[in-house]
Amino acid sequence: MTQKKGTTLLLILSVTLLFLASFVVTTVRAPAGPSYTLGASPTVLNEEEGNVIITFTITGGTANTAYTFRFTVTKPGGAGQAYVDESFSTDATGGYTQALTYPNNTQTWNPITGTVRTDLPGNYTVTVVETAPKSVTTGFPSATFRVTSVLNVRLIVPTQGSTIQRETTAYFTATVNDVNGQPVKDAHVSVSLPTGGQLALTPTTPSGTYSGSYRVQRSDSLGLWNISATAYSPAPSTTNNSGNYSVQVTVSPSLLVVSSLSTYNQYGTPTGDFSPGNTLYASFTVGYPTGGYLTTGSFTAHVEDPSGTSTMTLSSIYDPTRNLFYTPSGFQVSTSDAAGSWELVFPAQSLSDSYGNTGPTATITYRFVIHQQQNQVVISPFYYVIAAVAIGGSLGTTVFLKRFNSTTGPFDDLFKLTGGEMQPPTTLMVVSDSGAGSTTMALQLLYRDLSRGKFCGLLSYDAFPAEVSRKMRDMGWDIAEYLKTGQLNILDCYSALAGVEGSLIRDPTDFTEVSIQVTRMIESAKGPMTILFDSVTPIFNAATAKDCINFLQVLGAKIKNAAGIFIFTATKGSIPEEARSKIEAMADGVIELNMIKRANSLRRTLQVKKMVGRQTSTFETGFEIVQGKGIFIRKQRVPIGLFRS
């Protein structure tokens, strides 16, 4: 009996343990609650600049159930707070993503305090709570974004440490980006000027770029110029977005240029030839490369003998009636002065004005000749003939002289007609009848400067470069060595006109490209250049007169600004008269060549129509072109007026 009871109790205990074990295995825990994420993008933005996108995601919620959440944005330091309620239904997985924006949202934000704007710099906090169906208020994420007022400004041009010369144009290019690197296209941008003022820059392309220019005045302060570029956003008026950027450049003096230098004798006659008893006087102008002349001050020129020894210094004063400086004391030639080629010299950097501008960049020289009487006087048989004819009567003498009195002189006699040598910076126009020799004269002027060691350039619009070289060689001017050393550069514009493919200048009427090439030519030269444009006639046949005139003005200013000489040729009749008048007015000097038909022959003449600041000869003068030698100027052996009296 007892054994039976024990067996029963054991059986009951085993069943109980088996039941308990079965309960633990089948227990199902309550499902976990939903998960949330909250984010803000961008994380940083400028004041009042666009919206922040707030992204909220729920996962693991009740499937296909409507939820309502309250989103609250709190400004820095609690300066303002606003909320918006967003309702949506989860999908079959219990998830959903909702995007809303601040401050502009489809559902309007409701201000609790302050304003609904990104108008304060600092950190903004975004919070979210569930208001339905459970109204759970804990365990929700938060997000932040920051508002700043910093604009990123960069001054691209000019660059740090560059030098800007007075009376040249300073160009400015600035970029403005927001804190996220996006271009700001509606900013107000300005740069500081040497005078202390501000220059407003204007928007340009690409977006976020601003540009402007300022012509540095000859009186602006020399030395360091701290250029500060400042930008701020224009609207709304409460926006504080701003930024600045600075570079330092150096303002250098403007270049003073001696021009219109000439000599004359005690009778006021322009001449470069002097004998004992003659007094040499000099006149000249002092100006700036871009225009304008000095009217005050006193400048000195050195008189140097053929050995290069300075024998005297001539001081000048300004003559307002002639708009030039002249030397009132003069240099009197004596019998002890050496015969030969003398020079008036302005040493480099020997001139200055009241603002500290200096010049010239290189020594300026002007050549004149002193003649001394020889021990033996040789009289040409020609003058015996004159004397004999003179005895026979004045009428016969005049007829004889008109026919036989003419002789030729060297090409340099041209400068007796122009009132002296061509002095930089200057622009010379050589205009002629067809075949009268404008190209020959211009090429001889160019070769003359080449032979003196000056850097030169040729814009060839009228012939292939090889043809130009051949023509010059035929005249006795071989330029091969100058081309090899780079002292002479030829810009071939004719090949494109002739339809030759592959030339450097694809379109000779693309004046911007030609201007760029001329700039490179000037920059590569080791000193001021003489640049010849031969001939301007083709561009007037291919482009509008207005564009052509503007192109010539730009080239002239560019070359003169570099203290050079700009020569251009033109053919009469091939340019509209109005355009010709305008380019003649633009030039500092104009020489006109003519072909005159007499009996069965053609005669070439030249006339100096204009030479700014010079006393010139306005009479028509004959000249000849001699193959292998160049141009010779015709002159009278004996003045006919001597016998008329």
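Residues numbered from 1 in each chain as written. Predicted model: local features only at pLDDT ≥ 70, side-chain atom pairs only at ≥ 80, totals over all residues. Heavy atoms only, no water.

(A) Structural detail: the pairing of strand S26 (residues 340-346). Here strand S21 (residues 300-304) pairs with S26 via three bridges, running antiparallel. Of the residues in S26, the one forming a bridge with Glu304 is Glu343. Two elements, S26 and strand S29 (residues 364-370), share seven bridges in a ladder whose sense is antiparallel. Its bridge partner lying in S29, Leu344 is registered against Tyr366. (Pairing = 2+ DSSP bridges. Helix = DSSP H or I, 4+ residues; strand = E, 2+ residues; numbered from the N terminus.)

(B) Here's a closer look at unusual backbone geometry. For the bond from Ala132 to Pro133, the omega torsion is 10°, close enough to zero to count as cis. With respect to the element layout, Pro133 can be found in the loop between strand S8 (122-132) and strand S9 (142-148). Its identity is not glycine, yet Asn323 carries a phi of approximately 60°, on the positive side. Here Asn323 is to be found in the loop between strand S23 (317-319) and strand S24 (324-326). Located in the positive-phi region is Gln349, a residue other than glycine, with phi close to 60°. Mapped onto the elements of the fold, Gln349 is located in the loop between S26 and strand S27 (351-352).

(C) Summary view of the nonpolar core. Formed by 36 residues in total, the largest nonpolar core has its most connected members in Leu428, Met441, Leu445, Ile567, Ile591, Leu593 and Leu606. The dominant element in this core, judged by the number of residues it contributes, is helix H5 (residues 438-451), at seven residues. If near-sequence neighbours (up to four positions away) are discounted, Ile591 is found in contact with Leu414, Thr418, Met422, Leu428, Met429, Val430, Val431, Met441, Gln607 and Met611. Grouped together as the second largest cluster of nonpolar side chains are 34 residues, Leu459, Ile522, Val536 and Ile575 included. (Core = buried A, V, L, I, M, F, W, Y, C linked by side-chain atoms within 4.5 Å. Buried < 20%, exposed > 50% of the residue type's maximum accessible area, 1.4 Å probe, protein only. Contact = heavy atoms within 4.5 Å.)

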